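Architecture at a glance
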Amino acid sequence: MHEVALVNTAAATLLGRLGDTPTRAVEIEIGPKVVPEVAANAWRIAVAGSALQDVPVTWTTVWNTLRCLECGAEYPGDKLALCPRCSGTGLVVQEPDEVVIAGWR
């Protein structure tokens, strides 16, 4: 349930930055450890009664970057994803941030 704290922080930060600026849409990127349904519910609660309450949100999962131990290729996926080039095992070399406000308009 770590998503709740992360989403609450993101919502508060965005609300503070927007002030009274009208917003039509929000784009949020989440890492593979974040449960999308939990994050979306936390967002609804965090923005209830605010200017963002009825603003549509697009949720996009951003994957880890893995490097194949067999052929060296880098590819996106969860930590168990096999290499698309050779089907080898990969090692996570970069994890994305768990919750990021990617944009708004």
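Above: the structure in question.
The rules behind each value
- Residues numbered from 1 in each chain as written.
- Predicted model: local features only at pLDDT ≥ 70, side-chain atom pairs only at ≥ 80, totals over all residues.
- Heavy atoms only, no water.
- Pairing = 2+ DSSP bridges.
- Helix = DSSP H or I, 4+ residues; strand = E, 2+ residues; numbered from the N terminus.
- Axes fitted to C-alpha atoms, helices over the stretch in contact; angles between N-to-C directions.
- Buried < 20%, exposed > 50% of the residue type's maximum accessible area, 1.4 Å probe, protein only.
- Contact = heavy atoms within 4.5 Å.

**Some details on the sheet that holds strand β5 (residues 90–94)**
Across the sheet, 3 strands lie side by side as β4-β3-β5; this open sheet has antiparallel pairing. Two strands close off the open sheet at either side, each with one partner strand: β4 (74–77) and β5. Taken pair by pair, the neighbouring strands of this sheet meet at an average axis angle of 45°, ignoring direction. Alignment of strand β3 (residues 64–68) against β5, held across 4 bridges, turns out to be antiparallel. The residue of β5 that forms the bridge with Thr 65 is Gln 94.

**Regarding unusual backbone geometry**
With a phi angle near 70°, Ser 87 is a residue other than glycine that sits in the positive phi range. Among the secondary structure elements, Ser 87 is positioned in the loop between β4 and β5. Its relative accessible area of 52% is what places Ser 87 among the exposed residues.

**What to know about the environment of Arg 24**
Note that Arg 24 resides in the loop between α1 (2–18) and β1 (26–30). Of the residues examined, Arg 24 reaches a relative accessible area of 61% and is grouped as exposed. For the pair formed by Arg 24 and Cys 83, sequence separation is 59 residues and the distance between their alpha carbons is 39 Å. Excluding residues within four positions of it along the chain, Arg 24 makes contact with Val 55, Pro 56 and Arg 105.

**Concerning the environment of Cys 83**
Here Cys 83 lies in the loop between β4 and β5. Look at Cys 83 and you get buried, because its relative accessible area is 3%. Sequence separation of Cys 83 and Pro 56 is 27 residues, and the distance between their C-alpha atoms is 35 Å. Not counting residues up to four positions away in its chain, the partners in contact with Cys 83 are Cys 68, Cys 71, Ala 73, Tyr 75 and Gly 88.

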